[in-house]
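Examination of the molecular architecture
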Amino acid sequence: MSDIILHHYDTSPFSEKVRLMLGIKGLAWRSVIQPVIMPKPDLIPLTGGYRRIPVLQIGADIYCDSQVILAEIERRHPTPPVVRGADWAVNLWADRLWFQATVVVIFAEMGDAVPKEFIADREKLSGRPFDTGAMKAAAPFMRPQWRAYAAWLEDGLQTGDEFLGGATPSLADVAAWMNVWWLSGASPKIADELLSGLDRTQAWRDRIRAIGHGQRTEMAPAEAVKVAHASEPAPDLGIDANDPSGLKQGDKVVVQADDYGRDPVEGVLVGLTRDRITLARECGEIDVCHVHFPRAGYVLVKG
């Protein structure tokens, strides 16, 4: 089996979800540090235009978005089991509603210290202003919301289990951890204030942090590109006969996110399941990669 290669950067909150999942599974993986902002010359050739982080690579299979990354890790390494019940719904809530509150709380605190280059990059990524002044004005309203979300964790832990998933961590723990981890690292004082009195959640934070990230070794970005060029993609997962899109294998299609970072990725449809979109496309100039996207949160149209 090819190495697990994670394209990320250390302060990326969505990457932290994947790193924690790798830790829960006790897996060895290769770490490829990508730039925080564009350009990303060793990532874009693999993804076909997708620029968000993290990206998982296994040989010539490229997984874009933490949602499909976590699902693929669970599929390839089912022990110990992590995805259970309605975990994906919790994941979507943590990725969108809670994450947006975390963004405001963190960047309101950072204010004028945010580099102009970062602001320009995120404005291009989101298609809207990245206004730290507006975030500062909104922070008094977002902090109570952030605490209310954290209080849901407190309620979820009251049965005496150590994790939201029970005796062992689940995807709900992984999803919720992202926001607690990011705020705790970016502004420990505010994180402690907003978690004040939530004793079970604070203890949970310590338990999750102690899990770690598995066995990480560094890899140069150019080396990861060479791995893709030397590999063949895994067989596709087929087409869901009941899919309402009417698309079929071999159709030229375009995929893009429905929230932000809507850079379109073009390719040939080779797989379409209830939870995944798979495209075949050139990986660099001549080699073929399979690029995978989650079905939820992405728009797929005929090219």
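Report follows, based on the coordinates. Since we're looking at a predicted model, the values are computed, not measured.

Scoring rules and cut-offs
Residues numbered from 1 in each chain as written. Predicted model: local features only at pLDDT ≥ 70, side-chain atom pairs only at ≥ 80, totals over all residues. Heavy atoms only, no water. Disulfide = S-S within 2.5 Å. Buried < 20%, exposed > 50% of the residue type's maximum accessible area, 1.4 Å probe, protein only. Salt bridge = Lys/Arg side-chain N within 4 Å of Asp/Glu carboxyl O. Helix = DSSP H or I, 4+ residues; strand = E, 2+ residues; numbered from the N terminus. Phe/Tyr/Trp six-rings, centres within 6.5 Å; stacked < 30°, edge-to-face > 60°. Axes fitted to C-alpha atoms, helices over the stretch in contact; angles between N-to-C directions. Parallel < 35°, antiparallel > 145°, perpendicular 65-115°, else oblique. Contact = heavy atoms within 4.5 Å.

**Let's talk about the state of the cysteines**
All told, the structure shown has one disulfide when counted by the stated rule. For C283, the disulfide goes to C289, at an S-S distance of 2.4 Å. Judged by the torsion about the S-S bond (-50°), the C283/C289 disulfide is left-handed. Assigned by exposure class, C283 and C289 land together as buried.

**Structural notes on the pattern of salt bridges**
Here the structure, examined in full by the defined rule, presents 21 salt bridges. One salt bridge connects D3 with R30, and the closest N-O pair in it is separated by 3.7 Å. Residue D3 is located in the segment before strand 1 (5–8), and its partner R30 is located in strand 2 (residues 28–33); the two are separated by 27 residues in the primary sequence. Note on R30: relative accessible area 19%, which makes it buried. Each of the salt bridges in this network shares a partner with another, and the network as a whole consists of R52, D65, R96, D258 and D259.

**Some remarks on the packing of aromatic side chains**
Applying the stated rule across the entire model yields 15 aromatic pairs. Where F107 meets W182, the ring centres are 6.2 Å apart and the plane angle is 70°; that geometry is what we call edge-to-face. Taken together, the residues span a long stretch of sequence, with F107 in helix 4 (residues 87–110) and W182 in helix 7 (residues 171–186) at a distance of 75 residues. Each member of the pair F107 and W182 is classed as buried. Note on F118 and F130: the rings are 5.9 Å apart at their centroids and 85° apart in plane angle, and the pair reads as edge-to-face. Here the residue F118 occupies a position in helix 5 (residues 116–126), and F130 occupies one in the loop between helix 5 and helix 6 (132–156), the gap between them amounting to twelve residues.

**Focus on the packing of helix 6 against helix 9 (residues 199–211)**
Between helix 6 and helix 9, whose axes approach to 8 Å, the crossing angle comes to 85°. With respect to their mutual orientation, helix 6 and helix 9 come out roughly perpendicular. Only D199, R200, T201 and W204 of helix 9 make contact with helix 6, whose side of the interface consists of A150, L153 and E154.

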